[in-house]
Amino acid sequence: MGEFEKKVKRYLDKIRKENKKLNIFLHVNESAVRDAGEIDKKQNKGRLYGFVFGVKSNINVKGLIANCSSKTLENYQATYDAAVIEKIKAEDGVIIGMLNCDEFASGSSGETSAFGACQNPSALGRIPGGSSSGSAAAVAAGFCDATLGSDTGGSIRNPASHCGVIGVKPSYGMVSRYGLIDLSMSLDQIGPLAKNVEDAALVLDVIRGKDTRDTTTTDSKQVKLDRVGKIKVGVLQINGIDKKINSVVDKKLLEVARKNGWNLKNVEINHIDLAVQTYYPLCYSEFFSATRRFDGRRYGKKIEDSCGEEVLRRILGGCEITKAEFAGAYYQKALEVKEIIKGEFEKVFKEVDCVVLPTVPGLPWKIGEGAKMKPEEIYAYDALTIPANLAEICAVSVPAGLVDKIPVGLQVMCAKGEDAKMLSIAKYFE
Ligand code: GLN
């Protein structure tokens, strides 16, 4: 048996033993061991040889179930590979299975999954965060080397923060969305979650690239880690963050900045308080439109008859605010504020190399508590991650330390297209 084949087998054995309790994988790939064995025999091996991947259930992997953790697509078997999966396979990575997430990526806890929340392996009994709940939990549980998630308003970074792993939201347009089942297409990006920055950088470098099947993609710079020298770091001051989280992130930032002779400068984004309010009209409208294909004719069930409460809220909300009589009122207004926030970030990045802030303003709650929370309360957990999606910039969450034994993430943001520089900076926080 080859090395890769043995490794995949070890992971599969572990998943078979522990997944029942953790509910991280929805399906495993029964041919993963065989796939790895074939790769072991190849003369020239790709850059991802030896990498075992888990994939969020809203990304198409040919032959595997891509149900978006929804009853609507419960048995939907993907008929093609998403662009990112083509690239991973071309570099000899192996896909070991499909991961739990919030239903249609709508949530920040993992609790809206039709197949039950998954556990946070780093804080048992608590939510792993979301919506890429399984993608972060799988890395934290040691079920695979790296995973793919999608991030529309924080869905990669939020669970990465709660589970204590690395999670990257690439600049908008860097990674093809071809084969991603949309939440909100003008904000969605696919990105990697991994145990360390180096692995995340390698995966991002493989999956990036212009793709004619997603016309929002652009050429991008190679993702290569480098020394960054004496940079200027913007410290974003925001209200409403848990004091203990703030102090863990501050401490980490000061320690790393002092050691490397970095300059700190307080910066402000004036309209950042409007980010959550701006995000939801965009998300609701685009999601409503994207879900019109789930009308029961082609994909089995009609979405309104088979989805959960949060998804239905977004469909009904999106239907309402996109009515002709509201033209220009909600979606258009939100687009205007998005442009303002984008402009404010562009100005800040003329003065500093990166911006640092916590990833999530609160600790992950106990599984089940989300059901008692108001939607607005849950939405507020995205206040620090949504701005990067609106501004189309890149952002990464790196573990900063613990609060009450629960992991807390520090977020580094850089200008659009500066993903390599951002990851180079993130490496100093590891
Ligand atoms: N939590 C946010 C939402 O519910 C973000 C989701 C995401 O990034 N996919 O929409």
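What counts and how
- Residues numbered from 1 in each chain as written.
- Predicted model: local features only at pLDDT ≥ 70, side-chain atom pairs only at ≥ 80, totals over all residues.
- Heavy atoms only, no water.
- Near = heavy atom within 4 Å.
- Polar contact = N/O pair within 3.5 Å; in protein donor to acceptor, adjacent residues only side chain to side chain.
- 1 Å grid on protein atoms, 1.4 Å probe; cavity = no way out; pocket = protein on both sides within 12 Å on 5 of 7 lines; lining within 4 Å.
- Sits in = over half its atoms within 2 Å of the grid points.
- Nonpolar A, V, L, I, M, F, W, Y, C, P; charged D, E, K, R; others polar.
- Points joined across faces, edges and corners; volume = space filled by probe spheres on them.
- Helix = DSSP H or I, 4+ residues; strand = E, 2+ residues; numbered from the N terminus.
- Salt bridge = Lys/Arg side-chain N within 4 Å of Asp/Glu carboxyl O.
- Buried < 20%, exposed > 50% of the residue type's maximum accessible area, 1.4 Å probe, protein only.
- Contact = heavy atoms within 4.5 Å.

Chemist: Is there a simple way to think about the site of the ligand in this case?
Modeler: Near the ligand you find 15 residues, and of these Thr152, Gly153, Ser155, Tyr279 and Arg314 are the closest. Within the backbone of Gly153, an N or O atom sits 2.7 Å from an oxygen atom of the ligand. Separating an oxygen atom of the ligand from a side-chain N or O atom of Tyr279 is a distance of 2.6 Å. Most atoms of the ligand, that is more than half of them, are within 2 Å of grid points of the largest cavity. Among the residues forming the shell around the ligand, the class breakdown is four nonpolar, eight polar and three charged.

Chemist: Help me understand empty space enclosed by the protein in this model?
Modeler: Vacant regions in the atomic arrangement are exposed by a probe of water-molecule size rolled over the atoms. Applying the stated rule across the entire model yields two cavities of 30 Å³ or more. Here the largest cavity defines a volume of roughly 70 Å³. Of the residues assigned to the lining of the largest cavity, the class counts are four nonpolar, six polar and two charged. By volume, the second largest cavity is sized at about 40 Å³. If you trace the second largest cavity, you find it lined by Ser161, His162, Ile245, Thr359, Val360, Gly362, Leu363, Pro364, Pro407, Val408 and Gly409. Within the residue set of the lining of the second largest cavity, elements represented by two or more residues are α5 (157-163) and β11 (406-414).

Chemist: Where do I start with the pattern of salt bridges in this structure?
Modeler: Between side chains of opposite charge, pairing is possible as soon as their charged atoms come close. Counted by the stated rule, this structure contains 32 salt bridges. The salt bridge involving Lys338 is made with Glu392; its shortest N-O contact spans 2.8 Å. With Lys338 in helix α11 (residues 331-351) and Glu392 in the loop between α13 (386-391) and β10 (394-403), this residue pair connects regions lying 54 residues apart in the sequence. Since its relative accessible area comes to 5%, Lys338 is described here as buried. Within the structure, one salt-bridge network assembled from shared partners comprises Arg177, Asp182, Asp214 and Arg293.

Chemist: What is the right way to read helix α14 (residues 419-427) from this model?
Modeler: Given 3.6 residues per helical turn, the α-helix brings residues three or four places apart onto the same face. Most of α14 sits inside the fold, with seven of its nine residues counted as buried. Three or more residues of α14 are buried, namely Asp419, Ala420, Met422, Leu423, Ser424, Ile425 and Ala426. Packing partners of the buried residues in α14 comprise β5 (166-169), α6 (197-207), β9 (354-358), β10 and β11.

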